[in-house]
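# Remarks on the overall topology
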Amino acid sequence: MKTSQKKLFVLISILFLLVSLTQPCYSVEGTGKDTVGAIGLIAFLLGWLNFNLIGIVWLANPLLLLSMIFLFKKEKFALITSGLALLFSFCFFLVDRIIINEGGTTGKIDHVLVGYWLWLSSIFVIFICSLVTRVYRKK
């Protein structure tokens, strides 16, 4: 895959990521769609503070950024890091409760919203680009 094509994939991924930061990611039972922490930017900045499965899900963010960098020099590592990021991002479906305020109160996740799907799309775009790059490299 040409460098210009990789740049296009990275640009698309970054656009998905940036838009996801402005959108609600999930809703919590009984609190509606405007739950604290449900906006992508808050989840992106503070997700690592959770010391349970959601903290592991957050690790998809640095792995995504590493994948974007590795895509241009170390394609094998780009495939590995983007694959791990994709795996970690799907782990969000294993999370049933999430912290909803600074007091540590948790709530049951009702729905996964557009912010999550855009974030997942961002990771998926880089994974597909890495996969295609590796397949064409081997041929």
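One can find the structure itself at the top, above this paragraph.
So, here is what we can say about the structure in this document. (Residues numbered from 1 in each chain as written. Predicted model: local features only at pLDDT ≥ 70, side-chain atom pairs only at ≥ 80, totals over all residues. Heavy atoms only, no water.)

### Considerations on the overall build of the protein
We apply this condition: Secondary structure elements are defined from DSSP: runs of H or I of at least 4 residues count as helices, runs of E of at least 2 residues count as strands, and each element is numbered from the N terminus. The atom set for the radius of gyration is the C-alpha atoms, and the globule formula is 2.2 Å times the number of residues raised to the power 0.38. Each residue's exposure class comes from its accessible area (1.4 Å probe, protein chains only) as a fraction of the maximum for that residue type: buried when under 20%, exposed when over 50%, partly exposed otherwise. We call two residues in contact when some of their heavy atoms are within 4.5 Å. Using the Shrake-Rupley algorithm and a 1.4 Å probe, accessible areas are obtained, with residue cover drawn only from the displayed protein chains.
What the protein contains, in helices and strands, is 6 helices and 3 strands. The secondary structure elements of the protein, listed N-terminal to C-terminal, are α-β-α-α-α-α-β-β-α. Relative to its length of 139 residues, the protein is compact, with a C-alpha radius of gyration of 16 Å against a globular reference of 14 Å. In terms of overall dimensions, the protein has a C-alpha envelope of 55 × 25 × 20 Å along the principal axes. Here the protein holds 139 residues, and the buried ones make up 40% of them. Expressed as a percentage of contacts within the protein between residues at least 6 apart in sequence, the contacts between residues at least 24 apart total 67%. Total accessible area on the protein stands at roughly 8000 Å², and carbon and sulfur atoms take up 70% of it.

### A look at the sheet that holds strand β2 (residues 97-99)
So the rule is basically this: Whether two strands pair comes down to DSSP finding at least two bridges between them. A fitted line through C-alpha atoms represents every axis, and for helices the fit uses only the stretch in contact; the resulting angles, taken between N-to-C directions, go from 0 to 180 degrees.
If you trace the 3 strands from one edge of the open sheet to the other, you get β1-β3-β2, paired in antiparallel fashion. Both edges of this open sheet fall to β1 (26-28) and β2, since each of them pairs with a single strand only. With direction set aside, neighbouring strand axes in the sheet form an average angle of 55°. Where β2 and strand β3 (residues 106-112) come together, 3 bridges link them in antiparallel fashion. Pairing of arginine 97 across the sheet is with lysine 108, part of β3.

### Describing the packing of aromatic side chains
Spelled out, the test is: Ring pairs are drawn from Phe, Tyr and Trp, using the six-membered ring of Trp, whenever the two centres fall within 6.5 Å, and their geometry is named by plane angle: stacked under 30 degrees, edge-to-face over 60, tilted for the rest.
Applying the stated criterion across every chain, the model contains 8 aromatic pairs. A centroid spacing of 5.8 Å and a plane angle of 50° characterise the contact between phenylalanine 70 and phenylalanine 77, whose relative ring orientation is tilted. A relative accessible area of 23% means that phenylalanine 70 is categorised as partly exposed. On the numbers, 5.8 Å between centres and 55° between planes, the contact of tyrosine 116 with tryptophan 119 is tilted. Of this pair, tyrosine 116 and tryptophan 119 both sit in helix α6 (residues 114-138), separated by 3 residues, roughly a single helical turn.

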